[in-house]
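# Per-entry structural report
Residue strings, one per chain:
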Amino acid sequence: MAQQAVAARALRTKLTRAMIIRSRIADLLTAPPPAAQGRPVTVWGWARSRRDSKAGISFIDLSDGSVLAGLQVVAPATLPNYGDLLKRVHTGTAVRVTGLLVPSQGRGQSVEIQADAIEVVGDVDPEAYPIQKQAMSLEHLRGLPHLRARTRTVQAIMGVRSVLAGAVHRFFQDRGFACVHTPIITGGDCEGAGRQFRVTTLDPAKPPRTAEGGVDWAQDFFAREVHLTVSGQLEGETYACGLGDIYTFGPTFRAENSNTPRHLAEFWMIEPEMAFCDLDGDRAVASDFVRATVADALNRCGPEIEFLEKQQAPGLRASLETLAGSDFAHLTYSEAITALERSGKRFEFPVRWGIDLQAEHERWLVEEHCKRPAVVTNYPKEIKAFYMRLDDDGRTVAAMDVLVPRMGELIGGSQREDRLDVLERRMREAGLDPAHYAGYLDLRRFGSVPHAGFGLGFERLVCLVTGTQNIRDVIPYPRTPGHCP
Ligand code: 4AD
Ligand code: MG
């Protein structure tokens, strides 16, 4: 008896200590037995659901966000506050549980926790709490941007997003690319498309005026007009022409009125830039990059991909494995146009040489014509940016777009115009004043070298890997026209 009392006291002391040291559920589920089992632990989390058995035991599916799977908490009726728990533990209730981690009796999990104490930390009113136990549509959850991270689907998507962010850095760091942080506030317009958000500290109601009556930007914070960046490329180029191989990974802003499942006004872009590189080299890095990041996610996000496959994207894993192992097709823009013209398909946007490829054309090329990801190169110069290297035919530029199933364009890139005279001419043709790009032109004046790069829209990659249809569901707090909650 005395021995038992000592043991009980020892256990209580251990439990008190464990109260202070919180275990992450991810660590408990992955720790190999026996170390993990039979020891007192404390976990905190939100109840996903509660089930009560006739035998007077309740089971709580507990999530702390550290892992997609929940931890089963077994709550016996002998708990002193059992009656209170029945009233207060619903979907969303925050609890702290202390108990013993033991091999699970039930199926579907290796361990469970036999609770010695459950404390309600944060109540929910089940009538008012908008997140339900059963799966809710992503569209509905979009209206709950502050709560949707409590759901398994959004946790799975965001888990993959985080791993992909790591995969991006791993890919470039392993290959000796330097990570460069290009500015977010900028005076230039990289894409020359004029779809920029203005940054100003002037009072919009009464801005200072010039003698001619226009706004006097000289009196603004930066003493000039500035905007949020649409791309870090121009600054990236200057660092590539110094450091060799660089990449940026940062937020990008576009004030284009595109209300589509593939466009955001604020998105994250990865932009590598390589000195001593031409379009073929660019294409090789882009294809490797897509394959490697998808393979990385497949390796590290098994449970998330399995869950998303069941939830929203049948065949997801197989399609990603194919993508990670596939040789990307390569065709020129002219070849793509010929294929589209011969397809016999009626497109909403009619096809002829010179048009910008629309999503429907891109998807047909990838899904039906090439049946694998494809890189389309050498687009007409009229539909591409001024900085792309003019091809010898004078009609096309050394541009490339990487197209993938479901999403269409995932990457846009090019070899850059490295000849000063041609670049200045192209700028004027595009209605840009070379005087505003003096530093950029200096690269061509002093030790100009062939160089190339591309931009990958990170959210489009996340959509691809998670099998998510709408880009608004793969970024916390999506910003789209008329929408910035
Ligand atoms: O094709 P884009 O406009 O290319 C550039 O910005 C170049 N400066 C990149 C470079 O060469 N360094 O954009 C690159 C990619 C697109 O292929 C697409 O994946 C993504 O960025 N993107 C968007 N993603 C979400 N919402 C938008 N509004 C996007 N616009 C472009
Ligand atoms: Mg593009």
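Check the entry above for the structure.
A short tour of the structure in this document, coming up. In every chain, residue numbers begin from 1 and rise along the written sequence. Chain A is the first chain written and ligand 1 is the first ligand written, with later ones labelled in order. Note on the predicted model: pLDDT of at least 70 is required for a residue's local features to be given, and 80 or more for side-chain atom pairs to be given and counted; whole-chain, interface and lining totals, by contrast, use all residues. Side-chain measures here rest on the full set of heavy atoms in the structure, leaving out hydrogens and waters.

## Here's the deal with the side chain of Thr 377
In DSSP terms, a helix is any run of H or I states spanning at least four residues, a strand is any run of E spanning at least two, and both are numbered starting from the N terminus. Tracing the sequence through the fold places Thr 377 in strand β13 (residues 374–380). Using a relative accessible area of 1% as the deciding quantity, one classes Thr 377 as buried. There is a polar contact of 2.7 Å between the side chain of Thr 377 and the side chain of Asn 378. Ignoring any residue separated from it by four or fewer positions in sequence, one finds Thr 377 in contact with Leu 279, Arg 283, His 330, Leu 331, Thr 332, Tyr 333, Ala 399 and Met 400. Three labels apply to residues, based on accessible area from a 1.4 Å probe with only protein chains included: buried if under 20% of the type maximum, exposed if over 50%, partly exposed otherwise in between. We call two N or O atoms a polar contact when they sit within 3.5 Å, provided that within protein one can donate a hydrogen and the other can accept it, with sequence-adjacent residues counted only if both atoms are side-chain atoms. Should any heavy atoms of two residues lie within 4.5 Å, those residues are considered in contact.

## A short note on the site of ligand 1
We call a residue near a given molecule or strand whenever any one of its heavy atoms falls within 4 Å of it. The environment of ligand 1 is formed by 25 residues, the closest being Glu 191, Gln 233, Arg 254, Glu 271 and Glu 409. Backbone polar atom of Phe 454 to a nitrogen atom of ligand 1: 3.4 Å apart, as the coordinates give it. With respect to ligand 1, the backbone of Gly 457 contributes an N or O atom lying 3.2 Å from an oxygen atom. Here the term charged refers only to Asp, Glu, Lys and Arg, the term nonpolar to Ala, Val, Leu, Ile, Met, Phe, Trp, Tyr, Cys and Pro, and the term polar to all other amino acids, Gly among them. Here the shell around ligand 1 is composed, by residue class, of nine nonpolar, eight polar and eight charged.

## Focus: the packing of aromatic side chains
Ring pairs are drawn from Phe, Tyr and Trp, using the six-membered ring of Trp, whenever the two centres fall within 6.5 Å, and their geometry is named by plane angle: stacked under 30 degrees, edge-to-face over 60, tilted for the rest. Inspection of the entire model under this criterion finds 15 aromatic pairs. Between Phe 171 and Phe 289, the aromatic rings sit 5.1 Å apart at their centres with planes inclined by 55°, giving tilted as the arrangement. Highlighted residues: Phe 171 in helix α5 (residues 152–174) and Phe 289 in helix α7 (residues 279–300), separated in sequence by 118 residues. Residue Phe 171 shares its accessibility class with Phe 289, and that shared class is buried. Both rings, one in Tyr 333 and one in Tyr 379, keep their centres 5.3 Å apart while their planes meet at 40°; by these two values the pair is tilted. Taken together, the residues Tyr 333 in helix α10 (residues 333–342) and Tyr 379 in strand β13 connect sequence positions 46 residues apart. For Tyr 333, a relative accessible area of 0% corresponds to the buried category. Residue classification places Tyr 379 among the buried residues on the basis of a relative accessible area of 1%. The rings of Phe 171, Phe 172, Phe 177, Tyr 247, Phe 289 and Phe 454 are connected pair by pair, giving a single aromatic cluster. When the ring centre of Tyr 379 is taken as origin, the NZ or CZ atom of Lys 384, which lies over that ring, is 4.3 Å away. Working rule: Lys NZ or Arg CZ, within 6 Å of ring centre, within 35 degrees of ring normal, means a charge sits over the ring. For the cation-ring pair, Arg 395 lies above Trp 353, with the distance from its terminal atom to the ring centre recorded as 4.0 Å.

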